[in-house]
Amino acid sequence: MTNIAASTEDEATIVLKADVTLSNDATSGYISFGANGKHITVKSDEGEMKKLSFPSYGVLTGDCTFDNVYVIGSRLFCNGYRTIFTKDGKIYLSETLYGGGYKTTVDGTYVVIAASGSINPSSSSGLHDVIGGSYQGNVVGDTYLEITGDIKMQGGNHLNPGCMKGDGSSGDGRNVPDVYVGGNATLIYDNKNSTASPSIEGTYGCEMKGDVTLDVRAGCVAGIVGTEEPVDKSIIRGNLHIIAGNPAYENTDRVLRLGSNWPIVGAGNRFATYPGVEGNYTVGGNITIDTYENVWSWDKGVDPTTDHDKWYDIPEIYGAIRGNVGGSITINAHGSHVENITGASDSSTVGGDVTINATNVELKNYYYEDPDYDEGDIYANYRSIINGK
């Protein structure tokens, strides 16, 4: 690594001819890998796949592409460097991957995970799955997180393009300064592992100062929401765009399954109306939600009206639940299979218009034991204030 750092070349390749286990830095206590100002490609000898192991926390110190190599570790911090795990590689992290820094602020992040494997596959302490930003630090500019491989994750744990004050375990993050992303945040999720069901959100306790895009194409998820608790910290200042499903996957087996009763929500979340919860969630700009035919709130090919106990409380689409939206809400639903579609719900306030365009959607209400109420509904306004039209 010293020779790469001293070289006048910007690109370098490391070919592993045997498994490599990296050592901790003597002073930091974690493992550094990379060279600032260089892009390093790590690959295995032809026809093989060698292991590159980080026995403790790994922190990258330069741009890296991990090609046909098996990356193994606990937590990995990409530290704001451009990081790519190609489709020809594998990854196993027992804990979380962060695109940003370890207790530090970075300029921006860019992470692509096209490899197969596991990230936080069996956490019993609530550790996050994949985070686009920093841990106990900020991102000054943009974040970009793309997951298109076959990745197993702990169901219900967090996956978002923001920063986190804590690691998800009890008490971690207490007395930590607030965190932010200063630019735009993008998450692309197209997981080929249909059993992984992370909770996808735009922010969980992080101020997002720019626009947020959640492009969730296929897989299984425990909901897709713009803003998760806490209400006073999870703020999106710009626009929010949620894309659920993908037109290329319509009428195929590449399904986006909304698990249990977890909905799609722009501003707010499923817990926003629970007893004792106070305040509204803020999205300063416009909210746009685009959904496609491969979005299913029940198993594809099953009629949910045949089993009330199993298909009770089917996931829905909401522009806002207890949300304060500075701009307009637009929902474009193309053939999706959900219970109801609601623009603004439960004491939301919308500064602009609410528009719902629904074409060929399949709406099934869980009150289907009464044939007069077996189909879902579309509401522009449910007990909310819309200042536009």
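Remember, predicted model here, so these are calculated numbers, not experimental data.

Side note on the overall build of the protein chain
Working step 1: On a plain count of helices and strands, the protein chain comes out with 1 helix and 41 strands.
Working step 2: Computed over the C-alpha atoms, the radius of gyration of the protein chain is 22 Å, within 12% of the 21 Å expected from 2.2 N^0.38 for a compact globule of 389 residues.
Working step 3: Referenced to the eigenvectors of the C-alpha coordinate spread, the extents of the protein chain come out at roughly 70 × 40 × 35 Å.
Working step 4: Counting over 389 residues, the protein chain shows a buried share of 55%.

Some details on the packing of aromatic side chains
The geometry of an aromatic ring pair is captured by the separation of the ring centres together with the interplanar angle, meaning the angle of the planes.
Working step 1: Tallied over the full model, the rule gives 16 aromatic pairs.
Working step 2: A centroid spacing of 5.9 Å and a plane angle of 80° characterise the contact between tyrosine 30 and tyrosine 102, whose relative ring orientation is edge-to-face. Highlighted residues: tyrosine 30 in the loop between β2 (20–21) and β3 (31–33) and tyrosine 102 in the loop between β12 (97–98) and β13 (110–113), separated in sequence by 72 residues.
Working step 3: For tyrosine 30, a relative accessible area of 24% gives the class partly exposed.
Working step 4: For the pair tyrosine 110 and tyrosine 144, a centre-to-centre distance of 4.7 Å together with 10° between the ring planes defines the contact as stacked. Of this pair, tyrosine 110 sits in strand β13 while tyrosine 144 is found in strand β16 (residues 143–147), placing the two residues 34 residues apart along the sequence.
Working step 5: The partly exposed category is assigned to tyrosine 110, whose relative accessible area is 25%.
Working step 6: The rings of Tyr30, Tyr57, Phe77, Tyr98, Tyr102 and Tyr135 are connected pair by pair, giving a single aromatic cluster.
Working step 7: The ring of tyrosine 249 has arginine 254 lying over it, and the distance from NZ or CZ to the ring centre is 5.0 Å.

A closer look at the nonpolar core
Working step 1: Judged by nonpolar contacts, the single largest core of 73 residues is most densely connected at Phe66, Leu97 and Ile224.
Working step 2: Here this core takes 4 residues from strand β23 (residues 212–221), the largest share from any one element.
Working step 3: Once residues within four sequence positions are removed from consideration, isoleucine 224 is found in contact with Ile200, Leu214, Val216, Ile242, Ala244, Leu256, Leu258, Pro263, Ile264 and Val265.

Some thoughts on the sheet that holds β3
Working step 1: Judged by pairing direction, the sheet is parallel, and its 12 strands sit side by side in the order β3-β6-β9-β12-β15-β18-β21-β24-β28-β32-β36-β40 without closing on themselves. Each edge of the open sheet carries a strand with a single partner, namely β3 and β40 (378–382).
Working step 2: The pairing of β3 with strand β6 (residues 58–60) spans 3 bridges and is classified as parallel. Following the sheet pairing, isoleucine 31 is matched in β6 by glycine 58.

Some words on the sheet that holds β2
Working step 1: With parallel pairing, 6 strands are arranged side by side in an open sheet as β2-β5-β8-β11-β14-β17. In this open sheet, the two edge strands, each paired with only one partner strand, are β2 and β17 (151–152).
Working step 2: Strand direction decides the pairing type here: β2 and strand β5 (residues 50–53), joined by 2 bridges, are parallel. Paired with threonine 21 across the two strands is serine 53, which belongs to β5.

Definitions and limits used
- All residue numbers refer to positions counted from 1 along the written sequence of the respective chain.
- Since the coordinates come from a predicted model, pLDDT governs what is reported: local features require at least 70, and pairs of side-chain atoms require 80 or more to be given and counted, while whole-chain, interface and lining totals use all residues.
- In computing side-chain values, all of the structure's heavy atoms are included and hydrogens and water are not.
- We count a stretch as a helix when DSSP gives it H or I for four or more residues in a row; a strand needs E for two or more, and each element gets its number in order from the N terminus.
- For the radius of gyration, the atoms used are the C-alpha atoms, and the globule rule reads 2.2 Å times the number of residues raised to 0.38.
- Burial classification: accessible surface area is computed with a 1.4 Å probe over protein chains only, and a residue below 20% of its type maximum counts as buried, one above 50% as exposed, and the rest as partly exposed.
- Within 6.5 Å between ring centres, the rings of Phe, Tyr and Trp (the latter by its six-membered ring) count as paired, and their orientation is classed by plane angle as stacked under 30 degrees, edge-to-face over 60, tilted in between.
- A ring has a charge above it when a Lys NZ or an Arg CZ is no more than 6 Å from the ring centre and no more than 35 degrees off the ring normal.
- For the purposes of this section, nonpolar cores are sets of buried Ala, Val, Leu, Ile, Met, Phe, Trp, Tyr and Cys residues that join through side-chain atoms within 4.5 Å.
- Note on definitions: a residue-residue contact is assigned when non-hydrogen atoms from the two residues lie within 4.5 Å.
- When DSSP locates at least two bridges between a pair of strands, those strands are taken to pair.

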